[in-house]
Amino acid sequence: MTHSISTVEVSKSFGRFSRQILEAPLAVTQHDHVSLVHISHAGYRRLQNRDREIITFRDVTHDDRAAAAHASSEVSKFDDENPGN
């Protein structure tokens, strides 16, 4: 779960917040708008690795395709909530 604090709070107590960031991302707000998100180094590395993951069609299993088809049918239940429809 991402917590949100102001830049003023971060600058006053960075040591405390840096320990919290090891457990969960921290959104930093400025004038009530999120301007930064701090994450742990481990979280950053996970994001980097996801960017480099290459999956070919042969890597997709029958179960993967079935799950995607099921998700698509589940999502269509919310079509009426789209103002464009």
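Above this text sits the structure in question.
About the thresholds
Residues numbered from 1 in each chain as written. Predicted model: local features only at pLDDT ≥ 70, side-chain atom pairs only at ≥ 80, totals over all residues. Heavy atoms only, no water. Helix = DSSP H or I, 4+ residues; strand = E, 2+ residues; numbered from the N terminus. Rg over C-alpha atoms; globule rule 2.2 N^0.38 Å. Buried < 20%, exposed > 50% of the residue type's maximum accessible area, 1.4 Å probe, protein only. Contact = heavy atoms within 4.5 Å. Areas by Shrake-Rupley, 256 points an atom, 1.4 Å probe, with all protein chains shown as cover. Lys, Arg positive; Asp, Glu negative; His and termini not counted. Charge placed at Lys NZ, Arg CZ, Asp CG, Glu CD. Phe/Tyr/Trp six-rings, centres within 6.5 Å; stacked < 30°, edge-to-face > 60°. Lys NZ or Arg CZ within 6 Å of the ring centre and 35° of its normal. Core = buried A, V, L, I, M, F, W, Y, C linked by side-chain atoms within 4.5 Å. Pairing = 2+ DSSP bridges. Axes fitted to C-alpha atoms, helices over the stretch in contact; angles between N-to-C directions.

Turning to the overall build of the chain, a few remarks are in order. Helix and strand counts for the chain come out as four helices and three strands. Starting at the N terminus, the α and β elements of the chain follow one another as β-α-α-β-β-α-α. Since a compact globule built from 85 residues should have a radius of gyration of about 12 Å, the 20 Å found for the chain marks it as more spread out than a globular shape. Principal-axis analysis of the C-alpha atoms places the extent of the chain at approximately 50 × 35 × 15 Å. When burial is assessed residue by residue, the chain has 14% of its 85 residues classed as buried. For the chain, the share of sequence-separated contacts (at least 6 apart) that also reach a separation of at least 24 residues comes to 15%. Looking at the chain as shown, the accessible area adds up to about 7400 Å², and 54% of this sits on carbon and sulfur atoms. With 10 positive and 12 negative side-chain charges, the chain shows a spacing of 11 Å between the two charge centroids.

With that settled, the discussion passes to the packing of aromatic side chains. Taken as a whole, this structure holds zero aromatic pairs when the rule is applied. A cation over an aromatic ring shows up here: R16 above the ring of F17, its NZ or CZ 4.4 Å from the ring centre.

Now for the environment of S18. Secondary-structure assignment places S18 in helix 2 (residues 14-21). The exposure class of S18 is partly exposed, given its relative accessible area of 27%. A C-alpha to C-alpha distance of 8.6 Å links S18 and H38, two positions 20 residues apart in sequence.

This part is about unusual backbone geometry. Leaving glycine out, the prevailing phi sign among residues is negative, and the prevailing peptide bond configuration is trans. Phi angles above zero are rare outside glycine, and H31 is one such case at about 55°. The phi torsion at D32 lies on the positive side, around 65°, for a residue other than glycine. With respect to the helices, strands and loops of the structure, D32 is situated in the loop between strand 2 (26-30) and strand 3 (33-38). D32 gets classed as exposed once you look at its relative accessible area, which sits at 75%.

Turning next to the nonpolar core. I5, V10, F17, I21, L26 and V28 form the largest nonpolar core, which has six residues in total. Secondary structure elements with two or more residues in this core: helix 2 and strand 2. If near-sequence neighbours (up to four positions away) are discounted, V10 is found in contact with I5, F17 and V28.

Strands sit in the order 1-2-3 across an open sheet of three strands; the sheet is mixed. Each edge of the open sheet is held by one strand with a lone partner, namely strand 1 (3-6) and strand 3. Along the sheet, successive strands turn relative to each other by an average axial angle of 35°, direction set aside. Summarising the sheet, strand 2 and strand 3 pair through five bridges and their orientation is antiparallel. Across the sheet, residue V28 finds its bridge partner in strand 3, namely L36.

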